[in-house]
Amino acid sequence: MTVRLDISDGLATITLERSSLDIDTKVAFQKAVDGVRGVRAVLITAEGKNFCVGQDLGEHVAALEADPATAMNTVEVHYNPLIRAIAALEVPVVVAIGGACVGAGLGIALAGDIRVAGSKTSFATAFTGIGLASDSGLSYALVEALGSSRAVGLMLLGDKVTADQALAWGLVHRVVADDDVQETALALARKLADGPTEAYRHVKSLARASANGLSDALDREAVAQTALGQTADHNAAVDAFLAKKKPTFIGS
């Protein structure tokens, strides 16, 4: 099991049990989100030192070797449905984030409503470091949260964002001591599960009405990642990353 769903007293808790996203984990995550029924709030959290570092690159390398033309199909098959499903949940979604929150992991976190981060948590997009653009809704969610200048800067440069920066920029709702992340997020989720559920539904419905660009962004990201997944730069950069070497980009 790589993702666990527990439901108790109106609160659904989805727990990631591994920090990188292979196919089994993505499928299990989707199943867990689809299994959220009859609850009043959702908590997304993770075991281990990191929240989520994004795509399992070992699996991605195997997909590239098998067929570069279909290696990025996971964006449309797994990531897009998962982000849409999280964003479509009608009840409040709290995300507890510790350690690294990178790539698709950041997309998952931003699909929730309230984010609680540890003081040593770091955030990054990471895609351009391996010759890709973005997926998991980041091209939409980051611009919505940060404005175009900061969002595009983060996606181009791949800079790490500290927890304090994330709080100042509005990426997270609260920063607490690393040891207090789970307790704080659970308390918030519990408070929401005990609150005015119908009012919360309307809050989220009204917010979604102003955020109807997410679905289009997911579709555009899938097209871009599919094309980029077949470039020489991406293939060479993935090999360099796995070898712990600095990639050299040739521009194609």
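Small disclaimer: the values here were computed from a predicted structure and weren't measured.

(A) Fine view of the overall build of the protein chain. The helix and strand inventory of the protein chain stands at 11 helices and 11 strands. Against the 2.2 N^0.38 benchmark of 18 Å for 252 residues, the protein chain shows a C-alpha radius of gyration of 18 Å, consistent with a compact globule. Its C-alpha atoms give the protein chain principal-axis dimensions of roughly 55 × 35 × 35 Å. Residue burial in the protein chain is summarised as follows: out of 252 residues, 49% are buried. Residue pairs in contact within the protein chain that sit at least 24 positions apart in sequence constitute 73% of those at least 6 positions apart.

(B) Seen up close, the sheet that holds strand 10 (residues 161-162). What the 3 strands build is an open sheet, ordered 7-9-10; its pairing is mixed. Sheet topology places strand 7 (100-102) and strand 10 at the edges, where each strand pairs with a single neighbour. Of the pairings in the sheet, the one linking strand 7 to strand 9 (residues 122-124) comprises 3 bridges and is parallel in character. Pairing of A100 across the sheet is with S122, part of strand 9. Seen against the sheet, helix 4 (residues 104-111) touches strand 7 and strand 9 and runs at an angle of roughly 95 degrees to strand 7.

(C) Representation of the pairing of strand 4 (residues 41-46) in the model. Burial of strand 4 is extensive: 6 of the 6 residues sit out of reach of the surface. Both faces of strand 4 are covered, namely the face carrying A41, L43 and T45 and the face carrying V42, I44 and A46. Judged from the 6 bridges that link them, strand 2 (residues 11-16) and strand 4 form a sheet pairing that is parallel. By the bridge assignment, L16 is partnered in strand 4 with A46.

(D) Region of the structure containing unusual backbone geometry. Even without glycine at this site, D9 takes up a positive phi of about 50 degrees. Mapped onto the secondary structure, D9 falls in the loop between strand 1 (3-8) and strand 2. Since its relative accessible area comes to 65%, D9 is described here as exposed. Positive phi, normally seen in glycine, also occurs at S136, with a value near 60 degrees. Residue class for S136 comes out buried when judged on its relative accessible area of 1%.

(E) Structural detail: a negative patch on the surface. A cluster of acidic residues, D178, D179, D180 and E183, forms a negative patch on the protein surface. Within the secondary structure, D178 sits in the loop between strand 11 (174-176) and helix 8 (181-193). By relative accessible area, D178 is classed as partly exposed at 31%.

(F) Here's a closer look at the state of the cysteines. This structure, assessed with the given rule, holds 0 disulfides. Here C52 stays unpaired: no disulfide links it, and the sulfur of C101, its closest cysteine neighbor, is 7.2 Å away. Of the residues examined, C52 reaches a relative accessible area of 0% and is grouped as buried. A relative accessible area of 0% means that C101 is categorised as buried.

(G) Spotlight on the environment of M72. Tracing the chain through its elements places M72 in the loop between helix 2 (57-66) and helix 3 (73-88). Along the chain, M72 and S149 lie 77 residues apart, while their C-alpha atoms are 27 Å from each other. Leaving out residues up to four positions away in the same chain, M72 has contacts with H60, L132, Q225, T226 and G229.

(H) Region of interest: the domain arrangement of the protein chain. Domains assigned within the protein chain are domain 1 (3-194) and domain 2 (197-243). Centre-to-centre separation of domain 1 and domain 2, based on C-alpha positions: 11 Å. Each partner contributes to the interface: domain 1 provides 35 residues, whereas domain 2 provides 28 residues. Contact between domain 1 and domain 2 buries roughly 2,800 Å² in total, counting both sides, with carbon and sulfur atoms accounting for 59%. On the domain 1 side of the contact with domain 2, R84, E90 and Y140 bury the most area, a combined 21% of that side's loss. As a salt-bridge pair, K204 and D113 come within 2.8 Å of each other at their nearest N and O atoms. Between the two partners, domain 1 and domain 2, sit 17 residue pairs in polar contact (both at pLDDT 80 or more). Considering each element in turn, the side of domain 1 that touches domain 2 owes the most residues, 7 residues, to helix 3. By residue class, the composition of the side of domain 1 that touches domain 2 is 21 nonpolar, 8 polar and 6 charged.

Each value, and the rule that gives it
Residues numbered from 1 in each chain as written. Predicted model: local features only at pLDDT ≥ 70, side-chain atom pairs only at ≥ 80, totals over all residues. Heavy atoms only, no water. Helix = DSSP H or I, 4+ residues; strand = E, 2+ residues; numbered from the N terminus. Rg over C-alpha atoms; globule rule 2.2 N^0.38 Å. Buried < 20%, exposed > 50% of the residue type's maximum accessible area, 1.4 Å probe, protein only. Contact = heavy atoms within 4.5 Å. Pairing = 2+ DSSP bridges. Axes fitted to C-alpha atoms, helices over the stretch in contact; angles between N-to-C directions. Patch = residues over 30% accessible without salt bridge, like charges linked within 9 Å, V, L, I, M, F, W, Y side chains within 5 Å. Areas by Shrake-Rupley, 256 points an atom, 1.4 Å probe, with all protein chains shown as cover. Salt bridge = Lys/Arg side-chain N within 4 Å of Asp/Glu carboxyl O. Lys, Arg positive; Asp, Glu negative; His and termini not counted. Charge placed at Lys NZ, Arg CZ, Asp CG, Glu CD. Disulfide = S-S within 2.5 Å. Domains from an automatic or database assignment. Buried area = accessible area lost by both parts, 1.4 Å probe. Polar contact = N/O pair within 3.5 Å; in protein donor to acceptor, adjacent residues only side chain to side chain. Nonpolar A, V, L, I, M, F, W, Y, C, P; charged D, E, K, R; others polar.

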